[in-house]
Amino acid sequence: MDGIAAEQDTGRRENFDVDHITHESLLVRMQDIQDGQAWNQFHQYYRTLIINFAHSRGCSGAMSQDVLQESMITLTKVMPNFRYDRVKGKFRTFLLTIVSSRIVDAFRRERKYQEWQATDSEQIPTGENTAEEWVSNWEDDWEHEWQQHLLMHALDRVKKRVKPYIFESFRMYVLEQRPAAEVTAALEVSENTIYQHRRRIVTMLQQEVEAIKLEIGEM
Amino acid sequence: MSNDFEQLLVTAYRRTRASDQLEDNSRRLRKTRQLLLNHPPPPEPGAYVLVVQGEASPYWLSLHNGATVGRSDDAAIKVTGKWVSGVHCRFEADGTDWVVVDQDSTNGLQVNDHPRARHILSEGDAIQVGSCLLIFLQVRKNETTVD
């Protein structure tokens, strides 16, 4: 196909090579405590998902970092005993349980910090519900977060498959939502070419999302 | 072409870019993980610090309320070095949480590479006192059991 080529990823996600292995094999490798590379890939893969979900629950940047740190420490402790079984349940449900618990912990600590700083006249926010009630309806939001996470994973894969200028036109026009005229001037391509790149990459993304779902046993 | 699909994509992209702006603590976490794997925590539930100091083999210390770190002979964790005060910092239990408090030390307390006067500990926090590194961990009942 014209314009399609294997390209090296040169961005921040340089080591984001989870797509070279299946998600299932990554989870299996995570159980090998000496396999540091698997853990690095796992951290890279789930960092954004966990941080974004913590943000969506109202965590600050520092709290989100704490949630990520504590979730990864918990996984370090738990993974040697984890047995991946597609039939029994999805890994993401298991992960939600860990992350939810850590978000509750982060808010408990945050409330203490506020209590330390508050004067007598200040109101300390208190939750009306228990932590269990609070997290009980998070599944739908986690599912939404998970879909976005898959999409970003698919985007990383597609980026590696197309020529840099094609991805750049998609990044500028679709992801950054810059005017077509600005993109044509910057990349010296026609407007029609930009639209073609957009169509092609969206199609590739949709295919990649389906492929990833198949890999992780969600289809 | 699905506008909903593109909208979801743009939202995900923006949020991912925002999270990428956060400090990347993966290197510190990787080091912590390796320490925990090489020196597994005790099985009994409780709060612990892994004490990593000089050439000595790292060891786990069960925390008790008021445990101190410093050059003093009375310190629960005795640390030598000119950057360390007699009583440098102290651990305090606060409900289910543990807090590390700087004891007016000359050179201050660092948690996760940031200066802190008083810090509620999260699992995996790295406390630096002079050349001594303390990794905080809590062991909970049945925590490593996976249903």
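Above this text you will find the structure in question.
Scope of this entry: the structure provided in the associated data block.

1. With respect to the overall build of chain A
Then comes step 1: The number of helices and strands found in chain A is 9 helices and 0 strands.
Then comes step 2: From first element to last, N terminus to C terminus, chain A shows the α and β order α-α-α-α-α-α-α-α-α.
Then comes step 3: Here chain A, with 219 residues, has 47% of them falling under the buried criterion.

2. Focus on the nonpolar core
Then comes step 1: By size, the foremost hydrophobic cluster in this structure holds 65 residues, and its most contacted members are A:Phe42, A:Tyr46, A:Leu75, A:Phe91, A:Phe170 and A:Leu205.
Then comes step 2: A domain split of this core shows at least three residues from each of domain 1 (19–121) and domain 2 (137–219) of chain A.
Then comes step 3: Beyond its immediate stretch of four places on either side in the chain, A:Leu205 contacts A:Leu151, A:Ala154, A:Leu155, A:Val158, A:Phe170, B:Phe5 and B:Leu9.
Then comes step 4: The next biggest cluster of nonpolar side chains, apart from the first, holds 22 residues, and it includes B:Val49, B:Leu61, B:Val111 and B:Cys132.

3. Looking at the sheet that holds strand β4 (residues 77–78) of chain B
Residue and element names in this part refer to chain B.
Then comes step 1: Strand order in the open sheet made by the 5 strands is β4-β3-β5-β6-β9, with mixed pairing throughout. Both edges of this open sheet fall to β4 and β9 (118–120), since each of them pairs with a single strand only.
Then comes step 2: Two elements, strand β3 (residues 68–70) and β4, share 2 bridges in a ladder whose sense is parallel. Looking at the pairing, Gly70 lines up with Lys78 of β4.

4. Comments concerning the sheet that holds strand β2 (residues 59–62) of chain B
Picture the strands of a sheet paired through backbone hydrogen bonds; they go either parallel or antiparallel.
Residue and element names in this part refer to chain B.
Then comes step 1: Read from one edge of the open sheet, 6 strands run β2-β1-β11-β10-β7-β8, paired in antiparallel fashion. Edge positions in the open sheet fall to β2 and β8 (114–116), since each of these has one partner strand only. Going across the sheet, the axis of each strand differs from the next one's by a mean of 35°, ignoring polarity.
Then comes step 2: The strands touched by helix α2 (residues 26–38) within the sheet are β1 (46–52), β2, β10 (126–129) and β11 (132–139), with β11 carrying the most contacts at an inclination of about 70°.

5. Description of unusual backbone geometry
Residues and elements named next belong to chain B.
Then comes step 1: Despite not being glycine, Asp104 shows a phi value in the positive range, around 50°.
Then comes step 2: Notably, Asp113 is not glycine yet its phi reads approximately 70°, a positive angle.
Then comes step 3: Locating Asp113 in the fold gives a position in the loop between β7 (109–111) and β8.

6. Digging into the packing of helix α2 (residues 36–56) of chain A against α2(B)
Then comes step 1: Contact geometry for α2(A) and α2(B): axes closest at 11 Å, N-to-C directions at 140°. The angle between α2(A) and α2(B) places the two elements in the oblique class. Handedness of the crossing formed by α2(A) with α2(B): right-handed. Contacts between α2(A) and α2(B) involve A:Gly36, A:Trp39, A:Asn40 and A:His43 from the first element and B:Ser26, B:Leu29, B:Arg30 and B:Arg33 from the second.

7. Things to note about the state of the cysteines
Then comes step 1: According to the stated counting rule, one finds 0 disulfides over all chains in the structure shown.
Then comes step 2: Cysteine B:Cys89 remains unbridged, with the sulfur of B:Cys132 as its closest cysteine sulfur at 8.9 Å.

8. Observations concerning the packing of helix α4 (residues 91–117) of chain A against helix α6 (residues 139–161) of chain A
Residue and element names in this part refer to chain A.
Then comes step 1: The interhelical angle for the contact between α4 and α6, taken along N-to-C directions, is 115°, at an axis separation of 11 Å. The crossing of α4 and α6 is right-handed. Contact residues: Arg92, Leu95, Leu96 and Val99 in α4; Glu139, Trp142, Glu143, Trp146 and Gln147 in α6.
Then comes step 2: Broken down by class, the residue content of the contact of α4 with α6 amounts to 5 nonpolar, 1 polar and 3 charged.

So, how was this worked out
- Residues numbered from 1 in each chain as written.
- Chains lettered and ligands numbered in written order.
- Predicted model: local features only at pLDDT ≥ 70, side-chain atom pairs only at ≥ 80, totals over all residues.
- Heavy atoms only, no water.
- Helix = DSSP H or I, 4+ residues; strand = E, 2+ residues; numbered from the N terminus.
- Buried < 20%, exposed > 50% of the residue type's maximum accessible area, 1.4 Å probe, protein only.
- Core = buried A, V, L, I, M, F, W, Y, C linked by side-chain atoms within 4.5 Å.
- Domains from an automatic or database assignment.
- Contact = heavy atoms within 4.5 Å.
- Pairing = 2+ DSSP bridges.
- Axes fitted to C-alpha atoms, helices over the stretch in contact; angles between N-to-C directions.
- Parallel < 35°, antiparallel > 145°, perpendicular 65-115°, else oblique.
- Left-handed = near helix turned anticlockwise from the far one by under 90°.
- Disulfide = S-S within 2.5 Å.
- Nonpolar A, V, L, I, M, F, W, Y, C, P; charged D, E, K, R; others polar.

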